[in-house]
Structure formats: C-alpha cells, structure tokens
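# Architecture and fold: a report
Listed here are the chains, written in short residue letters.
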Amino acid sequence: MTKYILSFLLIVCLSGINAQTGKDKLGSLRTSKKIVSVNTLPASDDWAVQIIALKHPAREPEFFKNIEQAREFRCADRFVRYTVGSYTNYQAAKNEVIYYKDLGYAQAFVVNTAKYNIGGAARSGFVPDPNKRYTIQLSAFRFPVYLNYFKGIENVKEFYLKDRVYRYTIGDYTYEDAMSELNDIKAKGYPKAFVTELDAYLPYQIE
C-alpha cells in the first residue's frame with residue numbers, strides 16, 4: 001500500500017510541475033535585462049554610446065554587467081554592435097562615455113546609430129496586401145522578457161523567429177486598421193512600434 005501511495009504522490013508532483021511549465025514555456029529563460037534588437041534605423045540623428053562590437057550576438061543577458069538595457073544592431077559588415085542610451089546631440093552622449101568606461105567598457109565611444117548600415121532595413125515603395133493580416137510590433141529582444149513589461153497592453157503575442165530574436169506584437173488587423181491603431185499604441189509608451197505582416201510571424205508564435 002505504501003508503494004502505491006508514494007507512486008500516487010510522485011505522479012501528482014510531476015503533474016504539478018508540468019502544469020507550472022505549461023503556464024509559461026519560457027519561464028526559466030525570461031530576464032529583466034533587455035537587449036533590444038533593432039531592425040529599423042532611426043529617421044533622424046540618434047546619438048548613443050557604443051559599448052562593444054562582437055562577431056557573434058551575446059548569448060546571455062548577463063554578458064553585459066551593470067547594463068540593464070542595450071540596443072543590438074546587426075550591421076552589414078557582420079559585426080553586432082551594442083549601444084546604450086539615446087541622446088539628441090553628440091555632447092550629451094559624450095558626457096556619458098566616461099561613465100561606461102568606468103563600468104569596464106574601455107572601448108566605449110559616441111556613435112550616431114542613424115548612420116549604421118544594417119542592410120535592408122528600409123522598405124521603400126511598400127504596398128500593403130489587402131489579402132494579408134497585419135500586427136503591431138511593440139518591441140524585439142534578444143532574450144525573452146516578462147510579459148508584464150508591456151504596461152497598458154493586453155493580449156501580447158510572442159514570437160521567436162529564425163534570427164533568434166523574440167518579437168512582441170499586439171492585434172490582428174487589416175493594414176488600414178493597424179495603421180489606425182498605431183498612434184494609440186505609440187501614445188501608450190511605445191514610440192518605436194510599427195506595423196508588420198502577421199502571416200510571416202504566425203509559424204513562430206509561442207503559445
């Protein structure tokens with residue numbers, strides 16, 4: 001009898017573990033550190049501090065000690081560049097360089113991220129397809145973030161594409177409806193949100 005009781009308790013425990021895992025498949029991977037993957041260059045000058053350039057993307061969020069958020073640019077020269085901060089002028093960015101050097105980023109210097117060459121970022125002459133569905137991308141990260149990061153937004157969809165970047169979107173719209181909603185989303189604190197094709201993302205959705 002004791003053997004059956006122990007077996008029963010073991011099954012219950014395993015079921016509980018599986019249930020918890022089912023709630024969040026990426027629970028063990030999520031982090032408060034954010035490496036924001038940038039796919040579209042700023043339309044105007046965007047001064048920042050480049051802290052490092054790597055041949056391969058950072059493999060874990062703790063790679064950047066003392067840095068809570070960095071932007072990641074995959075450049076055409078096959079280097080992956082990481083920056084911190086966003087400033088309206090060169091001098092403001094320069095004032096921060098010594099701070100990041102003191103943190104251990106000896107190669108830190110000022111860059112204008114609008115001048116990066118990330119290859120194929122622009123979509124000139126884009127014509128929406130009335131037969132396709134669209135969504136609004138809120139942000140993209142190298143590592144999965146907690147969904148409560150998206151304040152004021154419900155029903156956020158999470159995708160993990162072949163480029164190993166996690167993308168977070170809201171909504172399923174026609175192109176016209178997505179564009180109508182975009183300004184409201186930006187007003188909620190997501191100024192870099194943009195409209196993109198949902199169909200291309202759906203095969204990579206994390207349920």
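Now for a description of the structure that goes with this document. This one's a predicted model, so the numbers in the text were calculated from it and none came from an experiment.

## A short note on the packing of aromatic side chains
The relative placement of two aromatic rings is captured by the distance of their centres and the angle of their planes. Per the counting criterion, the structure on display carries 13 aromatic pairs. When the centroid spacing of 5.6 Å and the interplanar angle of 85° are considered together, the rings of Trp47 and Tyr90 count as edge-to-face. Remark: Tyr90 occurs in helix H2 (residues 90-102) and Trp47 occurs in strand E2 (residues 47-54); sequence separation between them is 43 residues. With centroids separated by 5.2 Å and ring planes inclined at 75°, the aromatic side chains of Tyr134 and Tyr175 adopt a geometry described as edge-to-face. Taken as a pair, Tyr134 in strand E6 (residues 134-141) and Tyr175 in helix H3 (residues 175-187) lie far apart in primary sequence, 41 residues in all. The residues Tyr134 and Tyr175 share a single accessibility class, namely buried. Among the aromatic residues, those joined into a cluster by ring pairs are Phe141, Tyr149, Phe150, Tyr168 and Tyr190.

## Describing H2
The largest bend along H2 reaches roughly 25° and is located at Glu96. Of all the positions in H2, only Ala93, Val97 and Tyr100 are classed as buried. On its buried face, H2 is in contact with E2, strand E4 (80-87) and strand E5 (109-112). Looking at where H2 begins, the residue whose side-chain oxygen comes 3.3 Å from the main-chain nitrogen of Gln91 is Asn89.

What counts as what
Residues numbered from 1 in each chain as written. Predicted model: local features only at pLDDT ≥ 70, side-chain atom pairs only at ≥ 80, totals over all residues. Heavy atoms only, no water. Phe/Tyr/Trp six-rings, centres within 6.5 Å; stacked < 30°, edge-to-face > 60°. Helix = DSSP H or I, 4+ residues; strand = E, 2+ residues; numbered from the N terminus. Buried < 20%, exposed > 50% of the residue type's maximum accessible area, 1.4 Å probe, protein only. Bend = angle between axes of the 7 residues up to and from the residue. Contact = heavy atoms within 4.5 Å. Polar contact = N/O pair within 3.5 Å; in protein donor to acceptor, adjacent residues only side chain to side chain.

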